[in-house]
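Commentary on secondary and tertiary structure
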Amino acid sequence: GEGATLREILKHKTVEEVVMVDIDEEFVNLCKVYLPEWSDCSDLVGSSGGSCFDDKRAKVHFEDAFKYFIDRYGGNSTWSEQDDEELFDVIIM
């Protein structure tokens, strides 16, 4: 939730989109205030902002990660194999 993993992923210029799922929005907001250097992307080539959370490639969702995947890709979801843009190349937990 502190943005350090997000920063490490965004260091790679080939990354087009990062989806971060964190259950605790309050913790993430506290980290933005008290640990901003952990999510500082201002020195990354291709980054669109100071905070990695504000990078145009970062999509941040606040919910349980297990629920996020079940809702989108579980047996009762509306996802189909034709939804290529919803597929992930890498998942880091």
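Here's what I pulled together on the structure shown here. Remember, predicted model here, so these are calculated numbers, not experimental data. (Residues numbered from 1 in each chain as written. Predicted model: local features only at pLDDT ≥ 70, side-chain atom pairs only at ≥ 80, totals over all residues. Heavy atoms only, no water.)

**Notes on the overall build of the protein**
- Of the regular secondary structure elements, the protein holds three helices and two strands.
- Summed over all atoms, the accessible surface of the protein reaches about 6,600 Å², with 51% contributed by carbon and sulfur. (Helix = DSSP H or I, 4+ residues; strand = E, 2+ residues; numbered from the N terminus. Areas by Shrake-Rupley, 256 points an atom, 1.4 Å probe, with all protein chains shown as cover.)

**Here's the deal with the pattern of salt bridges**
- Applying the stated criterion across every chain yields a total of five salt bridges.
- A salt bridge links Asp55 to Arg57; its shortest N-O distance comes to 3.1 Å.
- Owing to a relative accessible area of 2%, Asp55 belongs among the buried residues under this scheme.
- Residue class for Arg57 comes out buried when judged on its relative accessible area of 8%. (Salt bridge = Lys/Arg side-chain N within 4 Å of Asp/Glu carboxyl O. Buried < 20%, exposed > 50% of the residue type's maximum accessible area, 1.4 Å probe, protein only.)

**Overview of the layout of surface pockets**
- Here the largest pocket is characterised by a volume of approximately 1,000 Å³.
- Along its surface, the largest pocket is lined by 32 residues, and Glu17, Val18, Val19, Phe88 and Val90 are the ones closest to its centre.
- For the lining of the largest pocket, the secondary-structure elements that each account for two or more residues are helix H1 (4–10), strand E1 (18–22), strand E2 (58–62) and helix H3 (65–73).
- Ranked by residue count, the leading element in the lining of the largest pocket is E1, at five residues.
- Each residue belonging to the lining of the largest pocket can be placed in one class, and the counts come to 18 nonpolar, six polar and eight charged. (1 Å grid on protein atoms, 1.4 Å probe; cavity = no way out; pocket = protein on both sides within 12 Å on 5 of 7 lines; lining within 4 Å. Points joined across faces, edges and corners; volume = space filled by probe spheres on them. Nonpolar A, V, L, I, M, F, W, Y, C, P; charged D, E, K, R; others polar.)

**Overview of the nonpolar core**
- Residues Leu6, Leu10, Val15, Val18, Met20, Val28, Cys41, Leu44, Cys52, Phe53 and Ala58 constitute the largest nonpolar core, which totals 11 residues.
- Listed by contribution, the elements that provide at least two residues to this core are H1 and E1. (Core = buried A, V, L, I, M, F, W, Y, C linked by side-chain atoms within 4.5 Å.)

**Section: the environment of Val33**
- Following the sequence through the fold, Val33 ends up in helix H2 (residues 25–34).
- For Val33, a relative accessible area of 57% corresponds to the exposed category.
- Between the alpha carbons of Val33 and Glu2 there is a distance of 10.0 Å; along the sequence they are 31 residues apart.

**Observations concerning a nonpolar patch on the surface**
- A cluster of nonpolar residues, Leu30, Val33 and Tyr34, forms a patch on the protein surface that exposes about 350 Å² of accessible area.
- In this structure, Tyr34 sits in helix H2.
- Tyr34 gets classed as exposed once you look at its relative accessible area, which sits at 63%. (Patch = residues over 30% accessible without salt bridge, like charges linked within 9 Å, V, L, I, M, F, W, Y side chains within 5 Å.)

**Topic: the packing of aromatic side chains**
- Per the stated rule, a full pass over the model turns up four aromatic pairs.
- Through pairs of rings, three or more aromatic residues link up here, namely Tyr68, Phe69, Tyr73 and Phe88.
- The ring of Phe53 has Lys32 lying over it, and the distance from NZ or CZ to the ring centre is 5.0 Å. (Phe/Tyr/Trp six-rings, centres within 6.5 Å; stacked < 30°, edge-to-face > 60°. Lys NZ or Arg CZ within 6 Å of the ring centre and 35° of its normal.)

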